Amino acid sequence: MILIMAWRNIWRSTTRSLVVIGAIAVGIWAALSLTGFATGMVKSYVNNAVKNIVSHIQVHQPEFLDENEVKFNIPDVAEVEQAIRSEEGVKSVSLRSIANGMISSSKGARGVVIKGVVPEDEARVSALEENTVEGEFLSEEGRNPILISEELGRKLNVGLRSKVVLNFQDRGGSITAAAFRVVGIFDTGNKPFDQSHVFVRRSDLNGLLASPADSALAGGALAHEAAIMVNDIRNVDTIAFSLGAELPNLKVQTYREISPDLELYEGQIKNISLIYLTVIMLALVFGIINTMLMAVLERIKELGMLMAIGMNKLRVFFMIVLESVMLGLVAMPVGLLLGYITIEYVGKNGIDMSMYAKGLESFGMSSIIYFELDPGVYGQVAIGVFLTAVLASIYPALKAIRLRPVEALRTL
Amino acid sequence: MKVITTKGVVKVYNPDKIPVKALNGVDLEIKEGEFTAIVGPSGSGKTTLLNVIGGLDRPDEGDVEVGGHDIDAMSDNDLIDFRKEHIGFVFQAYNLIPVLTARENVEFVMLLQNRPKKERRERAEELLRAVGLEDKMDKRPSELSGGQQQRVAVARALAPKPDFILADEPTANLDSKSSANLLDIMAELNREEKITFVFSTHDQRVIDRARRIVTLVDGKVSSDEVRGE
Ligand SMILES: Nc1ncnc2c1ncn2[C@@H]1O[C@H](COP(=O)(O)OP(=O)(O)OP(=O)(O)O)[C@@H](O)[C@H]1O
Ligand SMILES: [Mg+2]
């Protein structure tokens, strides 16, 4: 009956209760949506970085990472490639040879990282082919094709079919230069990356890199980097670990090790949801305290009467807490459902942030954000709301049991 | 014996500012089964005396014993439980729980006593029938007249079979017909259930029905008259 009483009590002041219930529901919705948005942003950032730039796992010769010199290539490339391809869970591999050099046109010159790739392998590992917005992706046809970014094209004032010259050191230490023709323009959305990277065929680059002394490396035998995508990102650590054991002389790194910022962002997702939840619950606490305090103060006489006829303090306390919890429990399904619908809808259709996209893209995010939420967050929010309702009712409930029946009854 | 005894009870309000001696040495003994009216001019201490007996208020001096229990030795929360088991209260107004129906109001104290549902139900219906409200059982207080509300309050006070019922001007808000009706019910229950009634009143017609009349003046018992029926 105390349950019934509490339930009917919250509907004595319908408007007031509906206002709090609405506020709690909106709070839940906001906590869920904001967390979904933040998670979506982080995931979008990580995914973009993975598919445009870092891939899941990279393998290098350890000295190459320190010195970045062409002579530190991966030894026995064919065997390494074979080992990686046969590793369980590996989806695709792209072997790249890398040279640091200069690209120049009649308008100017810039330092760039030149990556030599096997076009079809690269297309399976990175989004470079999709990101080719003008012209064509690299292919086996034509002489010395090159992909440059829109950014770089603008800086060098070159476009499709323009000729550019690459200068770099070969493995023997002499400077070589060669002319390349722009066949495609790419745009990953990440400006710093785009400005500083160009892509050519690995066979072309290797032919230029191999000094006369090591012409054996000229064809497919020279590579500095193996970029790997796995089937399921959750297994990335185990796969990297077993690759590391198999390739003891090489350095195997996951995207988190290559780009520690990605790990940092991923790790923040949990904190983000807790912070949103805390802030919103804190705001709700005051709303609930206020409502419950009003409910207690306008019922002083009645509470005095209840204590006079034998309702003890524990029960009075419990009744007030129950009223507050009921407000929360009524609001909870509404808020959770609204949040769920929002997350699912925006998770499918995405929300177009192109109004702010200029900013977003220069940070390496997509302009369309798909909300995403770890299902555990719903439970977290539900528990949070429950605790908030209990916490917020403590002060009003204490106020109620501190009343002395006579004084309460005398209050007019 | 389920008796009420007060010895030298003094109750002072506002001890710091302008002290008011609401009770100024009340010695009284009320025996089991009595039907006693407390009368006296306004401000003579009737309400205060009933509150002190019921443990709603604590005396500043003197002893109050109710059914062998020393009221002063109990904590506030013990007093609440004591009232739940032994004392039924009827106030002048604001007696009922507004969100509960008449039946639920009557059941309420029995519920606090954890009585089984069936017993609660039967007792509530029996009492509501006894006070003539069998057709109003599922009405909320706001749908009842003042007299009907007071009858529900009496039924609720009686429901847990208390030893004592303390009623502070139970008829003050009622017309004479409702008052007479309520008094009939109280007198009958007093006879049949052997419940001790103590009530304060200004109403001469109510005073006429009492079997003992204690008159208070300025917080003291000025006369104590026992009448046969
Ligand atoms: N909380 C209080 N603070 C100060 N004085 C009080 C308080 N309660 C009662 N009094 C005073 O104590 C005295 C006795 O009051 P009480 O209510 O017991 O009288 P009463 O006989 O019930 O009067 P009435 O017939 O008007 O109900 C009065 O002088 C009253 O003003
Ligand atoms: Mg009075």
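Just above, that's the structure.
1. Digging into the overall build of chain A
A tally of helices and strands in chain A yields 16 helices and twelve strands. In terms of principal-axis extent, the alpha carbons of chain A reach across some 105 × 45 × 30 Å. Partitioning the contacts of chain A with sequence separation of at least 6, the portion at a separation of at least 24 is 76%. Taken as a whole, chain A presents about 19000 Å² of accessible surface, with 59% of it coming from carbon and sulfur.

2. Section: the packing of aromatic side chains
Here the structure, examined in full by the defined rule, presents eight aromatic pairs over all chains. Ring geometry for Phe 37 of chain A against Phe 371 of chain A: centres 5.7 Å apart, planes inclined by 70°, an arrangement best described as edge-to-face. Highlighted residues: Phe 37 of chain A in helix H2 (residues 14–54) and Phe 371 of chain A in the loop between strand S12 (368–369) and helix H15 (376–402), separated in sequence by 334 residues. Counting every residue linked through ring pairs, the aromatic cluster contains Phe 35, Phe 197 and Phe 199 of chain B.

3. A short note on the nonpolar core
One finds Val 66 and Phe 108 of chain B to be the most contacted residues of the largest nonpolar core, which totals 91 residues. Per-element accounting of this core gives the leading share, twelve residues, to helix H13 (residues 313–349) of chain A. Discounting residues that sit within four places of it in the chain, Phe 108 of chain B has contacts with Met 1, Met 5, Leu 306, Ile 309 and Met 311 of chain A together with Ile 97 and Leu 100 of chain B. Phe 35, Val 106, Val 154 and Ala 159 of chain B belong to the second-largest nonpolar core, a separate cluster that totals 38 residues.

4. Some words on the pairing of strand S1 (residues 4–13) of chain B
As a general feature of sheets, a regular strand has side chains that alternate between the two faces. Residues and elements named next belong to chain B. The buried fraction of S1 is high, at seven of ten residues. Bridge count for S1 against strand S4 (residues 61–66) is five bridges, and the pairing is antiparallel. Note that in S4 the partner of Thr 6 across the bridge is Val 64. The sheet contact formed by S1 and strand S2 (residues 20–30) spans eight bridges and is antiparallel. Across the sheet, Val 9 pairs through a bridge with Val 26, a residue of S2.

5. Some points on the side chain of Lys 46 of chain B
All names here are of chain B. Residue position: Lys 46 is located in helix H1 (residues 46–53). Although Lys 46 lies buried, it forms no salt bridge, and the closest oppositely charged side chain, Glu 169, sits 4.8 Å away as judged by the N-O distance. A distance of 3.1 Å separates a polar atom in the side chain of Lys 46 from the backbone oxygen of Pro 41. The contact partners of Lys 46, leaving out residues within four places of it in the chain, are Ile 38, Val 39, Gly 40, Pro 41, Glu 169, Ser 200, Thr 201, His 202 and Leu 216.

6. Quick look at the sheet that holds strand S3 (residues 35–39) of chain B
What holds strands together in a sheet is hydrogen bonding between their backbones, with the strands either parallel or antiparallel. Residues and elements named next belong to chain B. If you trace the six strands from one edge of the open sheet to the other, you get S6-S7-S8-S3-S9-S10, paired in mixed fashion. Each edge of the open sheet carries a strand with a single partner, namely strand S6 (87–90) and strand S10 (220–226). Going across the sheet, the axis of each strand differs from the next one's by a mean of 15°, ignoring polarity. Sheet strands in contact with helix H5 (residues 146–158) are S6, strand S7 (164–168) and strand S8 (196–200), and its direction is about 170° off that of S6.

7. Here we look at helix H4 (residues 117–130) of chain B
Residue and element names in this part refer to chain B. With 14 residues, H4 should cover 20 Å at 1.5 Å per step; its first-to-last C-alpha distance of 20 Å lies within 8% of that length. Check the buried side of H4 and you find it contacts helix H3 (102–112), H5 and helix H6 (176–193). Immediately downstream of H4, the backbone of Gly 132 shows phi near 75°, a positive value.

8. Focus on a negative patch on the surface
Together, Glu 120, Glu 136, Glu 140 and Glu 141 of chain A give the surface a local cluster of negative charge. In this fold, Glu 141 of chain A is placed in the loop between strand S4 (132–135) and strand S5 (145–149).

9. Quick notes on unusual backbone geometry
In this structure, Ser 55 of chain A is a non-glycine residue whose phi angle is positive, near 60°. By the secondary structure assignment, Ser 55 of chain A is in the loop between H2 and strand S1 (57–60). Phi at Lys 161 of chain B is positive, roughly 50°, even though this residue is not glycine. Topologically, Lys 161 of chain B is positioned in the loop between H5 and S7.

10. Focus: the site of ligand 1
Lining the immediate surroundings of ligand 1 are 15 residues, of which Arg 410 of chain A together with Ser 42, Lys 46, Thr 47 and Thr 48 of chain B lie closest. Residues lining ligand 1 come from chains A and B. Within the side chain of Ser 42 of chain B, a nitrogen or oxygen atom sits 2.5 Å from an oxygen atom of ligand 1. The separation between an oxygen atom of ligand 1 and a polar side-chain atom of Glu 169 of chain B is 3.3 Å. About the coverage of ligand 1: the protein hides 70% of its 630 Å² of free accessible area. Of all the elements in the fold, those that place two or more residues in the shell around ligand 1 are S2 and H1 of chain B. By residue number, the principal contributor to the shell around ligand 1 is H1 of chain B, which donates three residues. Within the shell around ligand 1, the residues separate by chemical class into four nonpolar, eight polar and three charged.

11. A few points about the packing of H5 of chain B against H6 of chain B
All names here are of chain B. Where H5 contacts H6, the two axes come as close as 10 Å, and the packing angle between them is 10°. Put simply, H5 runs roughly parallel to H6. The two elements H5 and H6 cross, and the hand of that crossing is right-handed. For the pair H5 and H6, the contacting residues are Gly 147, Gln 150, Arg 151, Val 154 and Leu 158 in the first and Ser 178, Asn 181, Leu 182, Ile 185, Met 186 and Leu 189 in the second. Taken together, the residues that form the contact of H5 with H6 break down as six nonpolar, four polar and one charged.

12. Quick notes on a nonpolar patch on the surface
Residues and elements named next belong to chain A. On the surface, Val 26, Trp 29, Val 334 and Leu 338 cluster together to form a nonpolar patch covering roughly 340 Å² of accessible area. Broken down by secondary-structure element, the contributors of at least two residues to the nonpolar patch are H2 and H13. With respect to the helices, strands and loops of the structure, Val 334 is situated in helix H13.

Calculation rules
Residues numbered from 1 in each chain as written. Chains lettered and ligands numbered in written order. Predicted model: local features only at pLDDT ≥ 70, side-chain atom pairs only at ≥ 80, totals over all residues. Heavy atoms only, no water. Helix = DSSP H or I, 4+ residues; strand = E, 2+ residues; numbered from the N terminus. Contact = heavy atoms within 4.5 Å. Areas by Shrake-Rupley, 256 points an atom, 1.4 Å probe, with all protein chains shown as cover. Phe/Tyr/Trp six-rings, centres within 6.5 Å; stacked < 30°, edge-to-face > 60°. Core = buried A, V, L, I, M, F, W, Y, C linked by side-chain atoms within 4.5 Å. Buried < 20%, exposed > 50% of the residue type's maximum accessible area, 1.4 Å probe, protein only. Pairing = 2+ DSSP bridges. Lys, Arg positive; Asp, Glu negative; His and termini not counted. Salt bridge = Lys/Arg side-chain N within 4 Å of Asp/Glu carboxyl O. Polar contact = N/O pair within 3.5 Å; in protein donor to acceptor, adjacent residues only side chain to side chain. Axes fitted to C-alpha atoms, helices over the stretch in contact; angles between N-to-C directions. Expected span 1.5 Å × (residues − 1). Patch = residues over 30% accessible without salt bridge, like charges linked within 9 Å, V, L, I, M, F, W, Y side chains within 5 Å. Charge placed at Lys NZ, Arg CZ, Asp CG, Glu CD. Near = heavy atom within 4 Å. Nonpolar A, V, L, I, M, F, W, Y, C, P; charged D, E, K, R; others polar. Parallel < 35°, antiparallel > 145°, perpendicular 65-115°, else oblique. Left-handed = near helix turned anticlockwise from the far one by under 90°.

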